[in-house]
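A look at the structure
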Amino acid sequence: MKALLVDDERLARTELRRLLSPFKDINIVGEAVNAEDALAKITQLNPDLIFLDIQMPGKNGFEMLEELDSVPTVVFTTAYDEYALKAFEYNAMDYLLKPIEPKRLEDTVKRLLEKHKKEQINAD
Amino acid sequence: MTDFTRNINLTTRTSELNSNSQIKTGENISRISRNSAYWISQTAGWTVYAAANLAALYSFEIFTWQKASLFIFICMMGIALTHYLRIIIKRNNWTQLPLKKIIPVVLISSLVIGIILSAIFFAINLTGYFYNTAEFKPMTPAIWIFNLSSVILLWQLIYFSVYFFRNYKKVEIEALIWEAAVKDFELKTLKSQLNPHFMFNALNSIRALIEEDPASAKTAVTKLSNILRYSLRIEKSETVSLADEMQTVKDYLDLEKIRFEERLNYSTQIDERAAKIEIPPMMVQTLVENGIKHGISKMTGGGKITICSFIDDSKLHIQISNTGYFNEEDLKHATGFGIQNTKHRLNLLYGETGIFQIKNSSQNEVLAEIIIPSGGKINESFISR
């Protein structure tokens, strides 16, 4: 699965990259530092999956999603738990709280891959 | 309802009351209603008295229009004199006198007004047009003075009882408002002690830093524990020195700098004398947090925050300026307590002498300023109670 990491904090991206490194099926194709950057990279790289921070300078994560015509699978990553309900209105696959627990991420990845596999079978 | 929710309800009501304009309007309304209540009682009381006298005149004496109009005139004089008495009572603060002094003052003033009214009565009778003075017995003047003085005495009894009853309630309500306001303040301070999101974000960046730069990660953990310790310590203390508060603010900014990296820059400039002044804990911290949350973190290119403090004209000035734009409309809809809380705390602690203002100092810079007396708090006793 092609994944794009969207977070304005470099260290948060580094940490997420490190946490995702054991999962060989997740292929990180790029990183974006804000909504504008992410919109450009989504068009350019066409990822299957985005890990998306909510609080960012300029547009926030939700506002960014509203500008997309076709939305990839979204996993929110944030320190705020109060956006969880809103996140699912945006068809979020999952909602991870920072600092992300490795075991919790493992479950998320497992479900992501299952969903991806099903979608591929349906597409064939 | 649990105690806790009751507290919250009480505090919401108090914070509504605490807005200055509302208190002033409230006072105006009660002053107007008090005045009209006074005039209604004044007119009604004397009308009843006049009616009773006319009824007595009709039943026991020979009723003449001259006598009746004299009675009505005396009652009107009564209204005028007691109204003047009320002005004297207010001007000389008789209501504040101890009971031992109030009693003779009330007795003597009643007698004096009784004598004046009687004198008017007899002076008018010298014309011979109303009463036949020959009918008067030697005791008549004394009876008139006694009667009229008793009426004034009754008037004063009612006046003072109404005053004391009303005042007693007012003092009680004021005490309740203060108590609730203090609780409100304490509740909010507790809430403002640590922003959990800041903690989680800081911990998240520290975890990344452990691999990348272990030495910086260690420093960050130390700074985070300093902040935690400070937040526990201030639960017990009413004030901290500006220097203490600034240490925490710097630790906080250093941790945020780990997150925002080159997007956050800060500088501090604290006058040596200002650093020693005691201030309410978390006051600067809350505003710095606000500046980052609403200002710098919203700017794609980041920004700068400057904290500057000095003493001018025996007042402590704390100025916090940050990159960003302050929108007053947003403030009205905001549920956040940063600015409201600061204003409320200053008002509780320093009354009129505590000032908070926030404005756009240039197109992309917001300036927040606190001005407090450098001598300390005014309402100290309330908080320590």
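Shown above is the structure to which this text applies.
Below is a short write-up of the structure.

Each value, and the rule that gives it
- Residues numbered from 1 in each chain as written.
- Chains lettered and ligands numbered in written order.
- Predicted model: local features only at pLDDT ≥ 70, side-chain atom pairs only at ≥ 80, totals over all residues.
- Heavy atoms only, no water.
- Helix = DSSP H or I, 4+ residues; strand = E, 2+ residues; numbered from the N terminus.
- Buried < 20%, exposed > 50% of the residue type's maximum accessible area, 1.4 Å probe, protein only.
- Contact = heavy atoms within 4.5 Å.
- Expected span 1.5 Å × (residues − 1).
- Salt bridge = Lys/Arg side-chain N within 4 Å of Asp/Glu carboxyl O.
- Axes fitted to C-alpha atoms, helices over the stretch in contact; angles between N-to-C directions.
- Parallel < 35°, antiparallel > 145°, perpendicular 65-115°, else oblique.
- Left-handed = near helix turned anticlockwise from the far one by under 90°.
- Nonpolar A, V, L, I, M, F, W, Y, C, P; charged D, E, K, R; others polar.
- Buried area = accessible area lost by both parts, 1.4 Å probe.
- Polar contact = N/O pair within 3.5 Å; in protein donor to acceptor, adjacent residues only side chain to side chain.
- Core = buried A, V, L, I, M, F, W, Y, C linked by side-chain atoms within 4.5 Å.
- Pairing = 2+ DSSP bridges.
- Phe/Tyr/Trp six-rings, centres within 6.5 Å; stacked < 30°, edge-to-face > 60°.
- Lys NZ or Arg CZ within 6 Å of the ring centre and 35° of its normal.

**As for the overall build of chain A**
Across its full length, chain A holds five helices and five strands. Reading the secondary structure of chain A in the N-to-C direction produces β-α-β-α-β-α-β-α-β-α. Looking at chain A residue by residue over its 124 residues, the buried ones come to 50%. Across chain A, the fraction of contacts at a sequence separation of at least 24, relative to all contacts at a separation of at least 6, is 55%.

**Regarding helix 3 (residues 65-91) of chain B**
Residues and elements named next belong to chain B. In this model, helix 3 (27 residues) spans 39 Å end to end at C-alpha, consistent with the 39 Å of a helix rising 1.5 Å per residue. When helix 3 is considered as a whole, its buried residues turn out to be Lys67, Ala68, Leu70, Phe71, Ile74, Cys75, Gly78, Leu81, Thr82, Leu85, Arg86 and Ile89. Just downstream of helix 3 lies Asn93, where phi reads positive at about 50°.

**Considering the pattern of salt bridges**
Working definition: two side chains of opposite charge can pair if their charged atoms are close together. Summed over the entire model, instances satisfying the criterion amount to 21 salt bridges over all chains. Salt-bridge contacts for A:Arg10 lead to B:Glu212; the nearest nitrogen and oxygen are separated by 2.8 Å. Here A:Arg10, found in helix 1 (residues 10-20), pairs with B:Glu212, found in helix 6 (residues 196-212), and the two come from separate chains. Judged by its relative accessible area of 30%, A:Arg10 is partly exposed. Classification of B:Glu212 as partly exposed rests on a relative accessible area of 38%. Salt bridges here are not isolated pairs; linked through shared partners, they connect A:Asp7, A:Asp53 and A:Lys98.

**Details of the side chain of B:Ser149**
If you trace the backbone, B:Ser149 turns up in helix 5 (residues 140-192). With residues up to four places along the chain from it excluded, the contact list for B:Ser149 reads B:Ser110, B:Leu111, B:Gly114 and B:Ile115.

**A word on helix 6 of chain B**
In this model, helix 6 of chain B (17 residues) spans 24 Å end to end at C-alpha, consistent with the 24 Å of a helix rising 1.5 Å per residue. What helix 6 of chain B keeps buried is the set B:His197, B:Phe198, B:Met199, B:Asn201, B:Ala202, B:Asn204, B:Ser205, B:Ile206, B:Ala208 and B:Leu209. On its buried face, helix 6 of chain B is in contact with helix 1 of chain A together with helix 7 (214-233) and helix 8 (242-260) of chain B.

**Some words on the packing of helix 8 of chain B against helix 10 (residues 283-295) of chain B**
Residues and elements named next belong to chain B. Where helix 8 meets helix 10, the axes come as close as 9 Å, and the angle between the chain directions of the two elements is 25°. If you check the angle between helix 8 and helix 10, you find them roughly parallel. Where helix 8 crosses over helix 10, the two elements pack in a sense that is right-handed. Contacts from Leu242, Glu245, Met246, Thr248, Val249, Tyr252, Leu253, Glu256 and Phe260 of helix 8 reach helix 10 at Met283, Val284, Gln285, Val288, Glu289 and Ile292. A breakdown of the residues in the contact of helix 8 with helix 10 according to their chemical character gives ten nonpolar, two polar and three charged.

**Remarks on the interface of chain A and chain B**
With 21 residues of chain A in contact, the opposing surface of chain B contributes 20 residues. The contact between chain A and chain B buries some 1,800 Å² in all, and 48% of this surface belongs to carbon and sulfur atoms. Contact with chain B buries surface across chain A, with A:Glu9, A:Leu11 and A:Pro99 losing the most and accounting together for 32% of the total. The tally of links from chain A across to chain B stands at five salt bridges. Residue B:Glu261 pairs with A:Arg10 through a salt bridge whose shortest N-O separation is 2.7 Å. Linking chain A to chain B there are nine residue pairs in polar contact (both at pLDDT 80 or more). A total of seven residues in the side of chain A that touches chain B trace back to one element, the largest contributor, which is helix 1 of chain A. Taken together, the residues of the side of chain A that touches chain B break down into ten nonpolar, three polar and eight charged.

**A word on the nonpolar core**
Residues and elements named next belong to chain B. Counting 49 residues, the largest nonpolar core has Leu253, Val284, Val288 and Leu316 as the members making the most contacts within it. Listed by contribution, the elements that provide at least two residues to this core are helix 6, helix 7, helix 8, helix 10, strand 4 (303-312), strand 5 (315-323), helix 12 (338-350) and strand 7 (365-373). With eight residues, the single largest contributor to this core is helix 8. Among all residues touching Val284, those that are not within four sequence positions of it are Leu242, Glu245, Met246, Val249, Ile279, Ile307, Ile318 and Ile320. Among the nonpolar cores identified, the runner-up in size contains 28 residues, and Tyr38, Ile89, Ile102 and Val106 belong to it.

**Some details on the sheet that holds strand 4 (residues 73-78) of chain A**
Residue and element names in this part refer to chain A. The parallel open sheet is built from five strands, whose spatial order is 2-1-3-4-5. At either margin of the open sheet sits one strand with a lone partner, and together these are strand 2 (27-32) and strand 5 (94-97). Pairs of neighbouring strands in the sheet enclose a mean axial angle of 20°, with direction left out of account. Pairing between strand 4 and strand 5: four bridges, direction parallel. Within strand 5, the position partnered with Thr77 by the bridge is Leu96. Packing of helix 1 onto the sheet brings it into contact with strand 1 (2-6), strand 2, strand 3 (49-53) and strand 4, and relative to strand 2 it is tilted by some 175°. Against the sheet, helix 5 (residues 102-123) makes contact with strand 3, strand 4 and strand 5, and its axis sits at roughly 160° relative to strand 5, the strand it touches most.

**A short note on the packing of aromatic side chains**
Overall, the coordinates contain 17 aromatic pairs over all chains when judged by the stated rule. When the ring of B:Phe63 is compared with that of B:Trp65, the centres are 5.4 Å apart and the planes differ by 80°; the resulting orientation is edge-to-face. Since its relative accessible area comes to 28%, B:Phe63 is described here as partly exposed. With a relative accessible area of 66%, B:Trp65 lands in the exposed category. Taking the centre distance of 5.4 Å and the plane angle of 5° together, the rings of B:Trp155 and B:Tyr159 count as stacked. Taken together, the positions of B:Trp155 and B:Tyr159, both in helix 5 and four residues apart, correspond to about one turn of that helix. Assigned by exposure class, B:Trp155 and B:Tyr159 land together as buried. Each residue in the set A:Phe62, A:Phe76, A:Tyr80, A:Tyr83, A:Tyr90 and A:Tyr95 is aromatic and connected to the rest through ring pairs, giving one cluster. In this structure, B:Arg86 packs its charged tip against the face of B:Tyr38, placed 3.7 Å from the ring centre.

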